[in-house]
Amino acid sequence: MLKSIFLASGNNQCQEDSDVNTVASISHSEVNIKQHVFDYPVNQGNLLDRLKAVHLHVLASEQWNASRLKLCHRNYLVSATNLIHYLALKCLDVEQLQEELSSVGLQNLETINPNVIASIDAGIQMLENLKSNSKANMNSMNLNLDVVGDTLSALEGQEHKKKGDFTITAMRRKALTHRESLLGPLQDGRTTHIMVTVGKEATESETLIGDLLSNGTTIFRINCAHGDPSIWSEIIRRIKRSSHMLEKPCRILMDLAGPKLRTDHMKAGPSVMKISPKKDATGSVIFPAQVWLSHTGSGPPPAHLSPDAVLFVDNQQFLSNLEVGSVLKFSDTRGRKRLLKISKRFPVFAGIGFMAECSRTSYMASGTELYKKGKSKRFSVGHLVNVPAVEQFIRLKIGDLLVISRDPCLTPKVESGGSTVGAPRISCSSSYLFDSVKPGEPIAFDDGKIWGVIQGTSSSEIIVSITHASPKGSKLGSEKSINIPQSEIKFDGLTSKDLLDLEFVAEHADIVGVSFIRDVRDVVVLQQELEKRKLHKLGVVLKIETQSGFEKLPFLILQAMQFPNPLGVMIARGDLAVECGWEKLADIQEEILSICGAAHIPVIWATQVLESLVKSGLPTRAEITDVANGRRASCIMLNKGKYITGAVSTLDSILCSGSKKMKAELKPLLLSSRH
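The name given to the protein chain in an unreviewed UniProt entry is pyruvate kinase, and the organism recorded there is Macleaya cordata. On record in UniProt, under Cofactor (unreviewed entry), the comment for the protein chain is "K(+)". On record in UniProt, under Sequence similarities (unreviewed entry), the comment for the protein chain is "Belongs to the pyruvate kinase family."

Below, the structure is given as structure tokens:
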């Protein structure tokens, strides 16, 4: 992508073909520049000449793209210019030059993306000083780049420095301004925001939002692919109420669903809950199942409890008569006689709740009757209500055949012989999938947990042979992602659902996330819709989750910079890894950080951050170092899970434990004179 640079074009159309035409290979004059940069023997005089040649090349790229830069909004003009400078530098092979600069203690050209011209000018100034001073003076010079940058900011002679727009200090201010404009200011010396995805579970707890805010969350994300306006409204009401009560400001991002391919909803399973005690290898019970029992309006159990099951009873009076030690009798769905023993009592939001123990495997459903024997041998009765339906799924193993249908379907098991008769079936109502795939192309499900190869297609069905799954079989259920990385798929920028949801987002959210951005036309469509609604202050986050979106990222940013809306980029690593390849993900996210750094655009680090901690309560070592690496981004996003509150607290601690604090905690190592 960065082996080419932007050249000026009189055609300002935003069609993809026009963009391709504005990108050209390095011209003959550039080749001469590269020869000028690299053909000289290593000495400080020639090093100075070569760095000046790079400087001229970078400034020339600005002139070549003058017409493109004129289209940028004034808020982004300086940042857009620096992005052009960075791209011009990246298209040159500066490895040898970098080694020679390092040999005399000068800056790393690979890391100057936030302030390209100022850093190159700093190097030129220092080389000129080295050239003019004596050898003794050179040995005593302080070549610290920060000092060089401050010295450079005071120099005159270049138009950029006269204006003061391109100094290192000015560039840092630009980056801070853009970050705060989109994500809001940070408090207590923090440098990275914490974003948390919330859904329907936030409406079922009176404390979740407040706990997340108290532990460090500064941005809440709502995914419009799930839920509906009634649920979103209630989530937002709770966020704003908690933010006001706790005096902790926060912002709300809402992701438009976009044209993402997903499996359809499967037929709901029975409303039955299995409760099982912990057993050892011999089958003996070592710890009874922990069951939360409360009235339907009492809300979820307290955050510090982790019950194996949550059950609601319709009779408040029945619960009021319970006490620690009470024994409840019931018959499960199989007719087996079972017991629940009350072990603890807790006050909750609207009444009381209990922890109970169950020492034998039980299956409980809505309507199951709980009995408590009274003093006069009479029994009081409570009925279970709102037992959730069992989530349906199919289990796929390597070698299985899977049928994807346009129409909703059941899920019979695979029959022997490899026939598709009786093979697992799942539906996807998107016409994009059936119009795009061809036999032999790969297909992935659930963020790459399952892979297969297309065996055959028709207008209504696709036959897939599973090539990758877990040894025991991988589950595939409702609303799981489908990726076809090698297929020629043509998406619309915004779907009809996106346009409807945008109306809600505009009224209730601070930031809109645009999913599956692929080319400049997608950004243009969004800008047209924002302009229709006069939404010039609504923040815009471009979600980079496809190969095309990554390759065209500079175009996407420059197009978005034509409007005043606060702008950011999300590295959506789930789909990005599946679309581009796992082995490329690390390099891709580094490149995105570099490009956005050059454009002074805030980056959101997303997908599977601290996932083990969020879901199981215990992180992996790799997750901790991933978060530490993510501190370079402006925001880190966590997805929802059982232990999300604790995960936010852990993440906040990691983000706050900067290098200065760590150095203060570590004792200095002293060399002993004795061996």
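J.: Help me get a handle on the pairing of strand β10 (residues 309–313), residues and values and all.
T.: Taken across its five residues, β10 has four buried, putting it largely inside the fold. Relative to β10, strand β9 (residues 289–295) runs parallel, the two sharing five bridges. The residue of β10 that forms the bridge with His295 is Val313. Note that β10 and strand β16 (residues 379–385) share two bridges and pair antiparallel. Residue pairing in the sheet places Phe312 in a bridge with Val385 of β16.

J.: Explain the pairing of strand β13 (residues 351–358) to me, and be specific about the residues and the numbers.
T.: Burial of β13 is extensive: six of the eight residues sit out of reach of the surface. Two strands pair when backbone bridges link them, and β9 and β13 are joined in this way by six bridges, in the antiparallel orientation. Within β13, the position partnered with Ala289 by the bridge is Cys358. In this structure, strand β12 (residues 337–348) lies alongside β13, joined through seven bridges in antiparallel fashion. By the bridge assignment for β13, Val348 is matched with Gly351.

J.: Requested: an account of empty space enclosed by the protein, with residues and values cited.
T.: By the definition in use, this model includes five cavities of 30 Å³ or more. Reported here for the second largest cavity is a volume of approximately 70 Å³. Every residue along the wall of the second largest cavity is listed here: Val523, Leu526, Gln527, Leu530, Val540, Ala560, Phe563, Asn565 and Leu567. Among the elements that line the lining of the second largest cavity, the one with the most residues is helix α17 (residues 520–532), at four residues.

J.: Describe the packing of helix α5 (residues 77–90) against helix α21 (residues 585–599), with residues and values.
T.: With their axes 7 Å apart at the nearest point, α5 and α21 run at an angle of 135 degrees to one another. Classified by the angle their axes make, α5 and α21 are oblique. Of α21, the residues touching α5 (which contributes Ser79, Asn82, Leu83, Tyr86 and Lys90) are Glu591, Ser594, Ile595, Ala598 and Ala599.

J.: Can you explain a negative patch on the surface? Please cite residues and give values.
T.: On the surface, Asp93, Glu95, Glu99 and Glu110 cluster together into a patch of negative charge. Here Glu95 is to be found in helix α6 (residues 95–103).

Conventions used here
- Residues numbered from 1 in each chain as written.
- Predicted model: local features only at pLDDT ≥ 70, side-chain atom pairs only at ≥ 80, totals over all residues.
- Heavy atoms only, no water.
- UniProt positions renumbered as here; feature names shortened; annotations may be inferred.
- Buried < 20%, exposed > 50% of the residue type's maximum accessible area, 1.4 Å probe, protein only.
- Helix = DSSP H or I, 4+ residues; strand = E, 2+ residues; numbered from the N terminus.
- Pairing = 2+ DSSP bridges.
- 1 Å grid on protein atoms, 1.4 Å probe; cavity = no way out; pocket = protein on both sides within 12 Å on 5 of 7 lines; lining within 4 Å.
- Points joined across faces, edges and corners; volume = space filled by probe spheres on them.
- Axes fitted to C-alpha atoms, helices over the stretch in contact; angles between N-to-C directions.
- Parallel < 35°, antiparallel > 145°, perpendicular 65-115°, else oblique.
- Contact = heavy atoms within 4.5 Å.
- Patch = residues over 30% accessible without salt bridge, like charges linked within 9 Å, V, L, I, M, F, W, Y side chains within 5 Å.
- Areas by Shrake-Rupley, 256 points an atom, 1.4 Å probe, with all protein chains shown as cover.
- Salt bridge = Lys/Arg side-chain N within 4 Å of Asp/Glu carboxyl O.
- Lys, Arg positive; Asp, Glu negative; His and termini not counted.
- Charge placed at Lys NZ, Arg CZ, Asp CG, Glu CD.

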